[in-house]
Amino acid sequence: MATALAAKNAKDFIYEWEGKDRTGKLVRGELRAGGEAAVSASMRRQGILVTKVKKRRVTGGKSIGPKDVAIFTRQLSTMMRAGVPLLQAFDIVGRGSTNPRLTRLLNDIRSDVETGTSLSSSFRKHPQYFDALYCNLVEAGEAGGILEALLARLATYQEKTLAIKQKVKSALIYPTAVIVVAFIVLSVIMIFVIPTFKEVFTSFGAALPAPTLVVMAMSDFFIHYWWLNFTLIFGGGYMFIQVWRRNEKVQMFMDRFLLKMPVFGDLVLKSIVARWTRTLSTMFSAGVPLVEALDSVGGTAGNLVFSNATLQIQRDVAAGSALTTAMTTANVFPTMVLQMAAIGEESGALDDMLARAAEFYEEEIDEMVKGLSTLLEPIIIVVLGTMIGGIVVSMYLPIFKLGSVV
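Residues numbered from 1 in each chain as written. Predicted model: local features only at pLDDT ≥ 70, side-chain atom pairs only at ≥ 80, totals over all residues. Heavy atoms only, no water.

Draft legend 1. Seen up close, the packing of aromatic side chains. The final tally for this structure, using the stated rule, is 11 aromatic pairs. With 5.7 Å between their ring centres and 50 degrees between their planes, Phe72 and Phe90 make a pair best called tilted. Note that Phe72 is positioned in helix H3 (residues 66–81) and Phe90 in helix H4 (residues 86–96), a separation of 18 residues in sequence. Per residue, the accessibility class of Phe72 equals that of Phe90, and both read buried. Ring-pair connections join several aromatic residues into one group, and the members of that group are Phe72, Phe90, Phe123, Phe130 and Tyr134. (Phe/Tyr/Trp six-rings, centres within 6.5 Å; stacked < 30°, edge-to-face > 60°. Helix = DSSP H or I, 4+ residues; strand = E, 2+ residues; numbered from the N terminus. Buried < 20%, exposed > 50% of the residue type's maximum accessible area, 1.4 Å probe, protein only.)

Draft legend 2. Examining the environment of Ile189 more closely. Along the chain, Ile189 falls in helix H8 (residues 147–202). Classification of Ile189 as buried rests on a relative accessible area of 16%. Linking Ile189 and Met43, residues 146 residues apart in sequence, is a C-alpha distance of 70 Å. If sequence neighbours within four positions are ignored, Ile189 has contacts with Ile194, Pro195, Ile388 and Ile391. (Contact = heavy atoms within 4.5 Å.)

Draft legend 3. Structural view of the pattern of salt bridges. Counted by the stated rule, this structure contains 10 salt bridges. One salt bridge in this structure joins Arg110 and Asp91, with 3.2 Å as the shortest N-O distance. Of this pair, Arg110 sits in helix H5 (residues 100–114) while Asp91 sits in helix H4; the two residues are 19 residues apart in sequence, bridging distant segments of the chain. Under the relative-accessibility criterion, Arg110 is labelled buried at 10%. In this structure, Lys270 and Asp266 form a salt bridge, with 3.5 Å as the shortest nitrogen-oxygen distance. Residue Lys270 and its partner Asp266 are located together in helix H12 (residues 265–285), separated by four residues, close to a single helical turn. Residues participating in the shared-partner salt-bridge network are Asp91, Arg110 and Glu114. (Salt bridge = Lys/Arg side-chain N within 4 Å of Asp/Glu carboxyl O.)

Structure (structure tokens):
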């Protein structure tokens, strides 16, 4: 009971202490403990006379992201492989973290483990950070006595998955940034530049060309209803994202649309397949039965089309079908993945063949991201040049007409 109480008190506080060792040398450090008396007693057992203890409360901090969890997993695996006890490893990682929220989370988990809860059960109490895949692999490692090996494999999986997501995001950042800048530039032209030309053209007292009248009408609409434009763009975008997230039919439609997009569809497909095969390979190599592994794989696909296909594959495999047959029936996987899975099933090395398929598609994603930047740049330049150039020419047509009359 005393241990549990101490663990509970320790999870929110870190104490900074100063003191003198047996030689009279001034030393200082940090210790997570249940109170100042516990800090003094612990240091006294090490031959240090504590002269000052200061409690530091861990508050604030940025939110915990997948990258933080991946770094923690890699650090925990490395220390356990080096022979560091589990509780001490949590202490080291928690103190070394620069994110107070992560420190608090690790202290909570450490407290649970210290009171006798298994590591996987402690992780399951925080599903917002540790998903079913993570907890299942940790549980398999605890049951098989190979926790440090599975943590290393899990860290590798998380790092590769994050790398794929980052590459896809990097491919989308450039066109998104250009579109935002173009919208700002067009807004400035419509609100400030074109009204100035309109005042000049009004003094001509002559009929204006049709393109000029169209651009001026667009400018008037933009000035008088600017609030409506911004509401439709930003408010409509926000509402669409919310509906996309919460409505299954809209989500299915958009996920199918993303897979069929002319330029980005192939990139999205390859990133999903790479993540799908990497996840199944990691689960299967950890000794998780295929049917149970598919249960976790569907949730990590990130696309409702593949999630539904995975559920159908799971039902077919549970009914006795071979994995390759079930994947072929789903009709969403490239031929190469089906062939690699078939070879893996026949040779008894399914996890290895799926891992190779994941590596192949990860390399393909690298090449596609590099090519997309080269492909999109001239397309964006042509589109923006046509839009802005068309506006400029439309506003200068009356001036050219006036010059010809003179």
